[in-house]
Amino acid sequence: MKSAADTQSVIEALTHQHPDADTELHYRNAFELLAATILSAQATDAGVNKATPALFARFPDARALADAPAGEVERLIHSTGFFRQKAKSLMGMSRALVEHHGGEVPRTMEALVKLPGVGRKTANVVLGHALGVPGLPVDRHVLRVSNRLGVADSDDPERVEQQLTGALPPALWTRASDTLILHGRRVCKPEPLCSQCAAADACDFHAEASRLAGPAPSGGAKRRKAKPAGPATRPATRRRR
Ligand code: SF4
């Protein structure tokens, strides 16, 4: 795994490649971002952004959503999928905010993860984007890209969060997560577009894939492309015949 200095330099290169990296969820305050992030599970940010204006117009804060009729909430968020479970989480989260936090979103990881429907990833999104508290959300894109680059070496999101936050200064945590997410969506997809990657020279996956592909044959014959390991994070190994 890379040193802290090398990790910072890789993240810096990707930050230059994606200067617009930020959460794509629309929100006006911490409560709205918390609700939108809960809704974003198994849904696209664009899909959530279509549903939330009507939801927040009807139920603008935790007190309103805590007492909302379940059927109405379900109807408003239906398009985001898993609407029954999500409505339950939204209303449970709102009730907990009212009962334990005066209707406000707490500013600590410890308190946030006690709310119904809120895990570390959601808590870090809200801390980092809406509350000004350093947080590094780890989603499937961060997992895939950071392991390929060699700035992390685990499939466990919490472990990867520890590895990245251990290597980067707190002021860079949220931006690093946004950058890795965007890189995973645009470039380092399951089938990665390494020729378009600003960090290719430092990437473990790319180095290994190039090694497996071997030197380009002479005489104009096409070199066989090394097959990446799909959604997994390691390069494919050569199959024995
Ligand atoms: S070089 Fe390829 S595998 Fe490595 S981070 Fe860039 S796109 Fe992903």
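Before reading on, note that the structure itself is shown above.
As the structure is a prediction and not an experimental result, all values here were calculated from the model.

> Just to check I follow, could you spell out the overall build of the protein chain for this structure?
Within the protein chain, the secondary structure is distributed over 12 helices and zero strands. Going residue by residue from the N terminus, the α and β elements of the protein chain occur as α-α-α-α-α-α-α-α-α-α-α-α. Here the protein chain holds 241 residues, and 40% of them are scored as buried.

> Even after reading the chapter, I still don't get the packing of helix 5 (residues 70-77) against helix 6 (residues 83-101), so can you show me in this structure?
In a pair of packed helices, the angle between the axes and the distance between the axes together describe the arrangement. Orientation of helix 5 relative to helix 6, taken along the N-to-C sense of each, is 120°, at an axis distance of 9 Å. As summarised for this structure, helix 5 and helix 6 are arranged oblique, according to the angle between their axes. The two elements helix 5 and helix 6 cross, and the hand of that crossing is right-handed. Residues Ala70, Val73, Glu74 and Ile77 of helix 5 form the contact with helix 6, whose own contacting residues are Phe83, Arg84, Lys86, Ala87, Leu90 and Met91. In terms of residue class, the contact of helix 5 with helix 6 is made up of seven nonpolar, no polar and three charged.

> Explain the site of the ligand to me, please; I cannot follow it from the model alone.
Neighbouring the ligand are 14 residues; Cys188, Cys194, Cys197, Cys203 and His206 lie closest to it. Listed by contribution, the elements that provide at least two residues to the shell around the ligand are helix 9 (140-149) and helix 12 (204-213). If you tally residues by element for the shell around the ligand, the top one is helix 9, at three residues. The class makeup of the residues in the shell around the ligand is 12 nonpolar, one polar and one charged.

> What is the right way to look at the nonpolar core in this model?
Buried together is how nonpolar side chains tend to be arranged in soluble globular proteins. Membership of the largest hydrophobic core comes to 32 residues, with the highest contact counts inside it found for Leu33, Leu34, Ala35, Ala36, Leu90, Met93 and Val126. Contributing elements (two or more residues each) for this core: helix 2 (30-39), helix 3 (45-58), helix 4 (62-66), helix 5, helix 6 and helix 8 (120-130). Contacts of Val126, omitting those with residues within four sequence positions, involve Ala30, Leu33, Leu34, Thr37, Val105, Leu112 and Leu131. Core analysis: the next-biggest nonpolar cluster, separate from the first, contains 28 residues, Leu14, Val151, Ala152 and Cys203 among them.

> Help me understand unusual backbone geometry in this model?
Here the phi dihedral of Gln42 falls at roughly 60°; this positive angle occurs in a residue that is not glycine. Considering the arrangement of structural elements, one finds Gln42 in the loop between helix 2 and helix 3. Accessibility expressed as a C-beta count within 10 Å gives 11 for Gln42, which makes it exposed. A positive phi angle, near 45°, is found at Phe82, a position not held by glycine. Among the structural elements, Phe82 can be located in the loop between helix 5 and helix 6. Residue classification places Phe82 among the partly exposed positions, given that 14 C-beta atoms sit within 10 Å.

> Got a minute to help me understand helix 6 in this structure?
Every α-helix carries 3.6 residues per turn, so stepping three or four residues along brings you back to the same face. Helix length check: helix 6, at 19 residues, gives a terminal C-alpha distance of 25 Å against a target of 27 Å (1.5 Å per residue), a fit within 8%. The complete set of buried residues in helix 6 reads Lys86, Ala87, Ser89, Leu90, Met91, Met93, Ser94 and Leu97. Its buried side turned inward, helix 6 meets helix 2, helix 4 and helix 5. Count one or two residues on from helix 6 and you reach Gly102, which has phi positive near 60°.

What counts, and where the lines are drawn
- Along every chain, residues carry numbers that run from 1 in the direction the sequence is written.
- With the structure being a predicted model, the display of local features is reserved for residues of pLDDT at least 70 and the display and counting of side-chain atom pairs for 80 or more, all residues being used for whole-chain, interface and lining totals.
- Labels follow the DSSP assignment, with helices taken as runs of H or I lasting at least four residues and strands as runs of E lasting at least two, numbered in each case from the N terminus.
- The exposure label follows from counting other C-beta atoms within 10 Å of a residue's C-beta, where the C-beta atoms are placed from the backbone and the thresholds are 20 or more for buried and 12 or fewer for exposed, leaving partly exposed in between.
- Working convention: axes come from line fits to C-alpha atoms, limited for helices to the stretch in contact. Angles between N-to-C directions cover 0 to 180 degrees.
- Working definition: roughly parallel below 35 degrees, roughly antiparallel above 145 degrees, roughly perpendicular at 65 to 115 degrees, and oblique for all remaining angles.
- A clockwise turn of the near helix away from the far one marks a right-handed crossing, whereas an anticlockwise turn of less than a right angle marks a left-handed crossing.
- Two residues qualify as being in contact provided that their C-beta atoms, derived from the backbone, are within 7 Å of each other.
- When residues are grouped by polarity, Ala, Val, Leu, Ile, Met, Phe, Trp, Tyr, Cys and Pro land in nonpolar, Asp, Glu, Lys and Arg in charged, and all others, Gly among them, in polar.
- Throughout this description, a residue near a molecule or strand is one whose C-beta atom, derived from the backbone, lies within 6 Å of it.
- A set of buried residues qualifies as a nonpolar core if it consists of Ala, Val, Leu, Ile, Met, Phe, Trp, Tyr and Cys joined through C-beta atoms within 7 Å.
- Under the convention used throughout, the expected extent of a helix is 1.5 Å for every residue step, that is, one less than its residue count.

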